[in-house]
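Remarks on the overall topology
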Amino acid sequence: MLATALLISSCSFHYDMVSFNGADKLPAAKTPVPKIEIDTNTSVGTLLGGSVKSKKPYDIWAYYMDDKFTFASAEFSALKVTYADGTQDPVAAALKLPMRFEGTAHESYNSMDGGVVVVNKSRIIKAEFPRTIGRDEPFTLEIEGKFTKENGAIIPFRIKQKYEISREKRTESWVDFVSSC
């Protein structure tokens, strides 16, 4: 047991990660727009230590939580990733658009005082655009599309967001890694 404790405490994690953050605050939208996340495909070597790193190419996720069950689907008609040097990402440029994504039922659970569990029901529209960011550089993301309501009405949306990159290179002990989980 002492040997195991010594072995585990000597293990470490070596971080080599990137993250993309919106460089400016988006203006308030007059119509609904999907939320955007950049998935950097982070992987962990083993639970006893190793590399924690981002893996290119990265994915773009777009989603919209519809608590009122108003929207049936979202269609994406344009998606452009333009790096700071003016180059467009070739994978993003080659997407076969338009792409339509249907809403699906979604439930979330909240535990309240006294052991009461509250179930919140909504609809989520999720879109994933895999491998559409191929470089570790700042970029501008432009997306155009439309929501289709349950009654057939169309609501267009447009997103233009600049993203900056931040890097994390560090080493962390196994104890610190586990305590941050």
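All figures in this text were calculated on a predicted structure; none of them were measured in a lab. (Residues numbered from 1 in each chain as written. Predicted model: local features only at pLDDT ≥ 70, side-chain atom pairs only at ≥ 80, totals over all residues. Heavy atoms only, no water.)

Some words on the overall build of the protein
Put simply, the rule reads: Counting from the N terminus, the helices are the DSSP runs of H or I reaching at least four residues and the strands are the DSSP runs of E reaching at least two. Only protein chains enter the accessibility calculation, which uses a 1.4 Å probe; a residue whose area is less than 20% of its type maximum is buried, one above 50% is exposed, and one in between is partly exposed. When checking whether two residues touch, look at their non-hydrogen atoms; a contact exists if any pair is within 4.5 Å. Computed by Shrake-Rupley with a 1.4 Å probe, the accessible areas treat only the displayed protein chains as cover when residues are assessed.
Counting secondary structure elements, the protein contains three helices and ten strands. When the helices and strands of the protein are listed from N to C terminus, the series reads α-β-β-β-β-β-β-α-β-β-β-β-α. The burial tally for the protein puts 30% of its 181 residues in the buried class. Sequence separation of 24 or more characterises 70% of the internal contacts of the protein that already satisfy a separation of 6 or more. For the protein, the accessible area works out to roughly 11200 Å², and carbon and sulfur atoms hold 55% of it.

So, the pattern of salt bridges
Oppositely charged side chains can pair when the atoms bearing their charge come close. How we decide: Put simply, a salt bridge is a Lys or Arg side-chain nitrogen that is within 4 Å of an Asp or Glu carboxyl oxygen.
For the coordinates displayed, the defined rule picks out ten salt bridges. The closest approach of N and O atoms between Asp-136 and Arg-167, which form a salt bridge, is 3.8 Å. Of the two residues, Asp-136 sits in the loop between strand 8 (117-133) and strand 9 (139-149) while Arg-167 sits in strand 10 (residues 154-173), which places them 31 residues apart along the sequence. For Arg-167, a relative accessible area of 53% corresponds to the exposed category. Where salt bridges share partners, they join Lys-80, Glu-142, Glu-144 and Arg-158 into one cluster.

A closer look at the confidence of the model for the protein
The line we're drawing: A residue's pLDDT is the confidence the predictor assigns to it, expressed on a 0 to 100 scale.
In the predicted model, the protein carries a mean pLDDT of 86, and the fraction of residues at 70 or more is 85%. Across residues 2-8, where pLDDT falls below 50, the model places two contacts with residues more than four positions away in sequence or in other chains.

Focus on the packing of aromatic side chains
Here is the rule: Two aromatic rings, drawn from Phe, Tyr or Trp (for Trp, its six-membered ring), form a pair once their centres lie within 6.5 Å of each other, and the interplanar angle then sorts them: stacked below 30 degrees, edge-to-face above 60, tilted otherwise.
This model, assessed by the stated rule, comprises twelve aromatic pairs. Between Phe-20 and Phe-139 the ring centres are 5.4 Å apart and the planes differ by 65°, which places this aromatic pair in the edge-to-face class. With Phe-20 in strand 1 (residues 12-22) and Phe-139 in strand 9, the pair connects residues that are 119 residues apart, well separated along the chain. For the pair Phe-76 and Phe-157, a centre-to-centre distance of 5.5 Å together with 70° between the ring planes defines the contact as edge-to-face.

A closer look at the environment of Phe-69
Position of Phe-69 relative to the elements: it lies in the loop between strand 5 (58-66) and strand 6 (71-83). Counting along the chain gives 54 residues from Phe-69 to Arg-123, while the straight-line C-alpha distance between them is 5.9 Å. Each residue touching Phe-69, except ones within four places of it in the same chain, is listed here: Lys-121, Ser-122, Arg-123 and Glu-150.

Comments concerning unusual backbone geometry
That bond from Lys-56 to Pro-57 is cis: its omega, -10°, falls within 30 degrees of zero. Among the secondary structure elements, Pro-57 is positioned in the loop between strand 4 (49-53) and strand 5. For the bond running from Leu-97 to Pro-98, omega is 5°, close enough to zero to count as cis. Assignment of secondary structure puts Pro-98 in the loop between helix 2 (90-93) and strand 7 (99-111). Positive phi, close to 50°, is recorded for Asn-41, a residue that is not glycine. On the secondary structure map, Asn-41 appears in the loop between strand 2 (35-39) and strand 3 (43-46). One non-glycine residue, Phe-69, lies in positive phi territory at about 55°.

Brief notes about the pairing of strand 5
Under the convention used in this document: Here a strand pair is declared whenever DSSP counts at least two bridges between the two strands.
Relative to strand 5, strand 2 runs antiparallel, the two sharing five bridges. Within the sheet, the bridge partner assigned to Ile-36 lies in strand 5 and is Ala-62. As judged from the eight bridges shared by strand 5 and strand 8, these two strands associate in the antiparallel manner. Each residue of the ladder has a partner; that of Tyr-63, found in strand 8, is Lys-126.

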